[in-house]
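Per-entry structural report
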Amino acid sequence: MNKIEELIEKYCPDGVEFRNLEDCCVILDSKRKPVTKAARESGEYPYYGANGIQDYVSDYIFDGTFILVGEDGSVVTEFGTPVVNWATGKIWVNNHAHIISEKEDVKLRYLFHCLQTINVRDLIHGNIPKLNQGDFRGLRIPVPPIEVQEEIVRILDNFTELTAELTAELTARKQQYEFYRDKLLTFETEKVEWLPLREVCKLSAGGDVPKDRYSKEKTEKYFIPIYSNGIGDNAIYGYTDIAKIKTKCVTIAARGTIGYCALRKEPFYPIIRLISAEPDERLMAEFLYHYLQTVKFKIPETGIPQLTIPMVSDYLVPIPSLQIQERIVNVLDNFDKICSDLSIGLPAEIEARQKQYEYYRNKLLSFKEKKV
C-alpha cells in the first residue's frame, strides 16, 4: 500500500464529502475590471483574460496567489474541461476569467489540479461560449481531508515542475536556434548574390481538392498527402493518387497561418491557401526553408488578409555557394531536430510527461462520495 492509499484508508475510507465550488474557495469576480486595449497603459503587470496573459499593464488590482478559470470566449479544452491558469503576484484580471483564492480547509493548489478533471462541456452555452456564474459556483468538488489534499498536491506538482523545466529547456533551445539561424543567415550584401524569389524558384498556388480522387484517410490507393495551410499534422487535408509537386520545395501559408513555412521532401498535392516554392539548382530547399523563417512577409492592411504569388515573388533571397548552404543547413537542422522532432526531441518528452501527469491526476482525484 502506497502513502496516498494509507492516508485514504486512515482519513476517509468511506469516501469524501463533495461540495459546491463556492464553498471551497473565495470567489473574487466582483473585483475584476476590464480595460480596452486602447485604454491600457503598457507596464510590467500581467493582464489576464479567459485563456491566460493577454498583455502587460502599468497597474494591478490583485496581489497574491489565485486560480483563473475562463468565463467566456476560449473557456473549454479539447477534453471538455475548463481553461485553468495559476497566477501569482500582482496581476490585473478582466471579466473574461473567474478568479478565486484560498479558503480554509481546501488547498488552492488542490483545487487547481481538481478543476482540470471536471467536464464542463454541457455547461457551456451561447454564441460566445460562456461558463456562467451559477454553473461555475455550482461545480462539484471532492474534498478529502487536508492530509490527503497535501499528498495529492505533492505528487502532481512533481509532474508539473518537471514539465515546466522541460518546457523552459525547449524555449531556451528555440531561442538558441533562432539566434544561430539569424546569425548564420545574415549576409553582407556585397559578398553574396541576392535574387528575387521568382528567379530562383518556381512559384505556384494551390488549387482545388481533387474531389473524385481523394480520401480523408491514407489508403493503398490514396497515399500522397494533400496539404493546406495548417501547422504540422493539421496541414494534412487528406490523401490522393496525384502528385502535383514532385520535387523538394518550401510551402508558404497564404491565409490563416500567413507566412508559416514548411519543408516538403516528398511528392504532395497543394490546395488553396498555400504557395509552393520549388528552388532551382542554385538553391537548396532546406536552406530556403530556414531563410524564409527569418522573413516577415508584408500582409495587406485592407481587404482579405492573405499572400499571393505577386506579393512574395520579389522578396530577395541570398544565394551563397551550395557548399556554404549545406554547412548552414547541417547546423540549423540539428537545432531544429531537437526542438521539433516529436519522436526523439524535447516536445516528445514534454508530451509524455503531460500524459503521465494527466493519468495520475485523474486517478488520484477520482473519489467515492461519502454517504451522509
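In the block above lies the structure referred to throughout.
Everything in this summary refers to the structure shown in the same document. (Residues numbered from 1 in each chain as written. Predicted model: local features only at pLDDT ≥ 70, side-chain atom pairs only at ≥ 80, totals over all residues. Heavy atoms only, no water.)

Things to note about the overall build of the protein chain
Looking only at helices and strands, one finds nine helices and 18 strands in the protein chain. If you line up the protein chain on its principal axes, its C-alpha atoms span 75 × 55 × 40 Å. Each of the 372 residues in the protein chain was classed as buried or not, and the buried ones make up 44%. Here the protein chain displays about 20,600 Å² of accessible surface, and carbon together with sulfur accounts for 49% of that area. Across the protein chain, the mean location of the 48 positive side-chain charges is 3 Å away from that of the 55 negative side-chain charges. (Helix = DSSP H or I, 4+ residues; strand = E, 2+ residues; numbered from the N terminus. Buried < 20%, exposed > 50% of the residue type's maximum accessible area, 1.4 Å probe, protein only. Areas by Shrake-Rupley, 256 points an atom, 1.4 Å probe, with all protein chains shown as cover. Lys, Arg positive; Asp, Glu negative; His and termini not counted. Charge placed at Lys NZ, Arg CZ, Asp CG, Glu CD.)

As for the packing of helix α2 (residues 108–115) against helix α4 (residues 146–184)
Relative orientation of the contacting elements α2 and α4 amounts to 65°, with a least axis distance of 9 Å. Crossing of α2 over α4 shows left-handed handedness. Residues Arg109, Tyr110 and His113 of α2 touch α4, and the partners they reach there are Gln149, Ile152, Val153, Leu156, Asp157 and Thr160. Split by residue class, the contact of α2 with α4 holds four nonpolar, three polar and two charged. (Axes fitted to C-alpha atoms, helices over the stretch in contact; angles between N-to-C directions. Left-handed = near helix turned anticlockwise from the far one by under 90°. Contact = heavy atoms within 4.5 Å. Nonpolar A, V, L, I, M, F, W, Y, C, P; charged D, E, K, R; others polar.)

Structural notes on the side chain of Arg109
As for its placement among the helices and strands, Arg109 is situated in helix α2. The exposure class of Arg109 is buried, given its relative accessible area of 18%. Those residues in contact with Arg109 that lie beyond four places of it in its chain are Trp86, Val153, Asp157 and Thr160.

What to know about the sheet that holds strand β14 (residues 249–253)
Overall, antiparallel pairing links the four strands, which are arranged β10-β17-β14-β15 in an open sheet. With partners counted over all chains shown, the strands left at the sheet margins are β10 (201–205) and β15 (261–264), one partner each. The average undirected angle you get between the axes of adjacent strands in this sheet is 25°. Where β14 and strand β17 (residues 274–279) come together, four bridges link them in antiparallel fashion. Across the sheet, the residue bridging to Ile252 is Ile275, located in β17. (Pairing = 2+ DSSP bridges.)

A few points about the sheet that holds strand β12 (residues 224–227)
Strand-to-strand pairing in sheets goes through backbone hydrogen bonds, with the strands running parallel or antiparallel. Ordered in space as β11-β13-β12-β16, the four strands form an open sheet in which the pairing is mixed. Of all the strands in the sheet, just β11 (214–215) and β16 (269–270) have a single pairing partner and so form its edges. The sheet contact formed by β12 and strand β13 (residues 236–240) spans four bridges and is antiparallel. Counterpart to Pro225 in the pairing with β13 is Tyr239.

A short note on the nonpolar core
Core analysis: the biggest nonpolar cluster contains 39 residues, and Ile67, Ile100, Tyr110, Leu111, Leu115, Ile141 and Ile152 have the highest contact counts within it. Residues in contact with Leu111, not counting those within four places in the same chain, are Leu21, Cys24, Cys25, Ile67, Ile100, Val106 and Ile141. Counting residues in hydrophobic clusters, the runner-up holds 32 residues, among them Leu185, Leu283, Leu288 and Val295. (Core = buried A, V, L, I, M, F, W, Y, C linked by side-chain atoms within 4.5 Å.)

Some thoughts on the pattern of salt bridges
A full pass over the atoms with the stated rule returns 21 salt bridges. Across the salt bridge formed by Arg198 and Asp314, the nearest N and O atoms sit 2.7 Å from each other. Here Asp314 lies in the loop between α7 (309–312) and β18 (316–319) and Arg198 lies in helix α5 (residues 197–200), a separation of 116 residues in the sequence. Among the residues examined, Arg198 registers a relative accessible area of 46% and is labelled partly exposed. We note a salt bridge from Asp280 to Arg282, for which the minimum N-O separation is 2.6 Å. Counted as one network, the salt bridges with shared partners bring together Arg32, Glu71, Asp72 and Lys130. (Salt bridge = Lys/Arg side-chain N within 4 Å of Asp/Glu carboxyl O.)

Quick look at the packing of aromatic side chains
Two aromatic rings, taken as a pair, are described by how far apart their centres are and by the angle between their planes. Under the definition given, this model contains twelve aromatic pairs. Seen from their ring centres, Phe62 and Phe66 are 5.7 Å apart, and the 65° between their planes marks the pair as edge-to-face. On the accessibility criterion, Phe66 (6% relative accessible area) is buried. Plain terms: the ring middles of Phe179 and Tyr180 are 5.3 Å apart, the flat faces sit at 80° to each other, and that makes the pair edge-to-face. By the ring-pair criterion, three or more aromatic residues cluster together here, those being Phe159, Tyr359 and Tyr360. Just above the ring of Tyr237 sits the side chain of Lys216; from NZ or CZ to the centre is 3.8 Å. Here Arg264 stacks its cationic end above the ring of Tyr227, 3.7 Å away from the centre of that ring. (Phe/Tyr/Trp six-rings, centres within 6.5 Å; stacked < 30°, edge-to-face > 60°. Lys NZ or Arg CZ within 6 Å of the ring centre and 35° of its normal.)

Focus: the side chain of Arg19
Mapped onto the elements of the fold, Arg19 is located in strand β1 (residues 17–20). At a separation of 3.3 Å, a polar atom in the side chain of Arg19 contacts the side chain of Glu17. In this structure, Arg19 is in contact with Cys24, Asp105, Val106, Leu139, Arg140, Ile141 and Val143, ignoring residues within four places of it in sequence. (Polar contact = N/O pair within 3.5 Å; in protein donor to acceptor, adjacent residues only side chain to side chain.)

Describing the packing of α4 against helix α9 (residues 346–364)
Following both chains from N to C, one finds α4 and α9 inclined at 165°, their axes separated by 10 Å at the closest point. Overall, the two elements α4 and α9 adopt an arrangement that is roughly antiparallel. Note on packing geometry: the crossing formed by α4 with α9 is left-handed. For the pair α4 and α9, the contacting residues are Ile152, Ile155, Leu156, Phe159, Thr160, Leu162, Thr163, Leu166, Thr167, Glu169, Leu170 and Arg173 in the first and Leu346, Pro347, Glu349, Ile350, Arg353, Gln354, Gln356, Tyr357, Tyr360, Arg361 and Leu364 in the second. For the contact of α4 with α9, the per-class residue count stands at 13 nonpolar, five polar and five charged. (Parallel < 35°, antiparallel > 145°, perpendicular 65-115°, else oblique.)

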